[in-house]
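Working through the structure, step by step
Now for the letters of each chain:
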Amino acid sequence: MSREYRGRKIVLYPAYIDSTSSRSEGRRISSASAVPSPSIEEIYNVAVKLGLNPVVEKDKAYPGKWWVKGRVVVDKKYSKTTLLRKIAIEIKENRARKH
């Protein structure tokens, strides 16, 4: 994580909430709470809805999956795990509304 973000921002990679990834591949929440194959756009839209001032960095990649580009940087209003759970829940709700 960049030093400029330390303490004020949280970096979110899709791998953190991807239910198709294992813990060793980067998933940070339980597979029951996670969503399959979340996109940067979904994470961004939920972060906007939660008022977290998101910024998409398309050229950055998660080190464990360096071929998958993109991350979202948000304001730190919750702990990282709490924030990841909130985002996963919102993505699940948004997907359920579309179907």
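Computed from a prediction, not measured in an experiment: that's the story for all the values here.

Moving on to the nonpolar core. Leu-12, Ile-17, Ile-43, Val-74, Leu-83, Ile-87 and Ile-91 are the most contacted members of the largest nonpolar core, which totals 25 residues. Listing elements by their share of this core, those giving two or more residues are strand S1 (9-12), helix H1 (40-49), strand S3 (65-75) and helix H2 (80-98). Here the element with the most residues in this core is H2; it accounts for 5 residues. Excluding anything up to four places from it in sequence, Ile-91 contacts Ile-17, Val-35, Pro-38, Glu-42, Ile-43 and Val-46.

Where charged atoms from two side chains of opposite charge come close, those side chains can pair. Counted according to the given criterion, the structure contains 6 salt bridges. Linking Lys-9 and Asp-75 is a salt bridge whose minimum nitrogen-to-oxygen distance equals 2.7 Å. Residue Lys-9 is located in strand S1, and its partner Asp-75 is located in strand S3; the two are separated by 66 residues in the primary sequence. Since its relative accessible area comes to 24%, Lys-9 is described here as partly exposed. For Arg-97, the salt bridge identified is with Glu-93, shortest N-O distance 3.9 Å. Taken together, the positions of Arg-97 and Glu-93, both in helix H2 and 4 residues apart, correspond to about one turn of that helix. Its relative accessible area of 37% is what places Glu-93 among the partly exposed residues.

The rules we used
- Residues numbered from 1 in each chain as written.
- Predicted model: local features only at pLDDT ≥ 70, side-chain atom pairs only at ≥ 80, totals over all residues.
- Heavy atoms only, no water.
- Core = buried A, V, L, I, M, F, W, Y, C linked by side-chain atoms within 4.5 Å.
- Buried < 20%, exposed > 50% of the residue type's maximum accessible area, 1.4 Å probe, protein only.
- Helix = DSSP H or I, 4+ residues; strand = E, 2+ residues; numbered from the N terminus.
- Contact = heavy atoms within 4.5 Å.
- Salt bridge = Lys/Arg side-chain N within 4 Å of Asp/Glu carboxyl O.

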